[in-house]
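Remarks on the overall topology
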Amino acid sequence: MAQPDVHVLSNLEELSRATASFFRAQAERTLEAEGIVFAALSGGSTPRRMYELLASADFRLPWEKIHFFQVDERCVPPDSPQSNYRMVREAFLSRTAFPEANFHRMQAELGDREAAANAYADELSRWLRVSPGEWPRLDLICLGMGPDGHTASLFPGSSALEERKRWVLPNFSERLNSHRLTLTLPVLNAASEIIFLAAGADKAETLAAVLKGPGADERLPASLVRPARGRVTWFVDEAAARGLGQKPH
Ligand code: 6PG
């Protein structure tokens, strides 16, 4: 994989606008080539504004040709304040004519988390043409990064990082005391385009370690996202970029 591109923006609003523009451009390119886009969205707080912008008239796309999957989800009801789906619904789905059938929600609230993970892998398989023994290849995946270097719901030292067969796993974070469902690393690394968003001073040290460190490090799961046939682009704000020696553009 080539070195990631890193865009440093002055603040979260500029970061969100730059990421929405990049997302739209990549989606248009994929639509031109394939006629359909399969993307996956993360939750958390950083991407909320970018999702709101995608819903605005400035970033109009033919949503009927675009499908959104989830990168991960907390094992809570979909109307819980903790739910990633709820955040995407509030920031994006409720503000656009995005077809409900094109949003593929992880049913992480189900008691049987193994069955829910398998059901989601089946949903991916239903929509993405995956040859036997291959990984589902998403066109665009939006990821965040926690201050501990986690991404998706792949946490430092987690056995989930070793998964090389399953597409979706239940996982638990002791630090967050939170049960999750998550796409696995091989699915992230099968993607064509990975877009990382990171903002805030609390991520500066980890971001410098991920981008300037010796390379893949299981203590920093975000450093393991290295798509073999894909590209990684980071959109970070000045506060998170403090350790990179790059100025905003
Ligand atoms: C989640 C996310 C997670 C997130 C990071 C960063 O379920 O929380 O998918 O991977 O991207 O924790 O979260 P913030 O954007 O809130 O810092």
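Look a little higher up for the structure.
Basis of the calculations
Residues numbered from 1 in each chain as written. Predicted model: local features only at pLDDT ≥ 70, side-chain atom pairs only at ≥ 80, totals over all residues. Heavy atoms only, no water. Buried < 20%, exposed > 50% of the residue type's maximum accessible area, 1.4 Å probe, protein only. Helix = DSSP H or I, 4+ residues; strand = E, 2+ residues; numbered from the N terminus. Pairing = 2+ DSSP bridges. Near = heavy atom within 4 Å. Polar contact = N/O pair within 3.5 Å; in protein donor to acceptor, adjacent residues only side chain to side chain. Areas by Shrake-Rupley, 256 points an atom, 1.4 Å probe, with all protein chains shown as cover. 1 Å grid on protein atoms, 1.4 Å probe; cavity = no way out; pocket = protein on both sides within 12 Å on 5 of 7 lines; lining within 4 Å. Sits in = over half its atoms within 2 Å of the grid points. Nonpolar A, V, L, I, M, F, W, Y, C, P; charged D, E, K, R; others polar. Right-handed = clockwise from strand over helix to strand, strands pointing away.

**Some remarks on the pairing of strand 6 (residues 140–144)**
In summary, the side chains of a regular strand alternate between the two faces of the sheet. Across the 5 residues that make up strand 6, a large majority, 4, are buried. Here 2 bridges tie strand 2 (residues 37–41) to strand 6, and the two strands are oriented parallel to one another. Bridging across to strand 6, A40 finds its partner in I141. The pairing of strand 6 with strand 9 (residues 193–198) spans 5 bridges and is parallel. Within the sheet, the bridge partner assigned to C142 lies in strand 9 and is I195.

**Description of the site of the ligand**
Neighbouring the ligand are 16 residues; S45, T46, H150, A152 and K203 lie closest to it. Within the side chain of H150, one N or O atom sits 2.7 Å away from an oxygen atom of the ligand. At a separation of 2.6 Å, an oxygen atom of the ligand approaches a polar backbone atom of A152. Contact with the protein chains hides 89% of the accessible area of the ligand, taken as 410 Å² for the molecule alone. Judged by the proximity of its atoms to the pocket grid, the ligand belongs to the second largest pocket. Tallied by class, the residues present in the shell around the ligand amount to 2 nonpolar, 10 polar and 4 charged.

**A word on the pairing of strand 9**
A large share of strand 9 lies buried, amounting to 6 of its 6 residues. Burial of the side chains of strand 9 extends over both faces: E193, I195 and L197 are buried on one face and I194, F196 and A198 on the other. In the sheet, strand 9 pairs with strand 10 (residues 231–237) via 6 bridges, with the strands oriented parallel. Looking at the pairing, I194 lines up with V232 of strand 10. As for the winding sense of the linkage, the β-α-β connection from strand 9 through helix 6 (residues 204–212) to strand 10 is right-handed.

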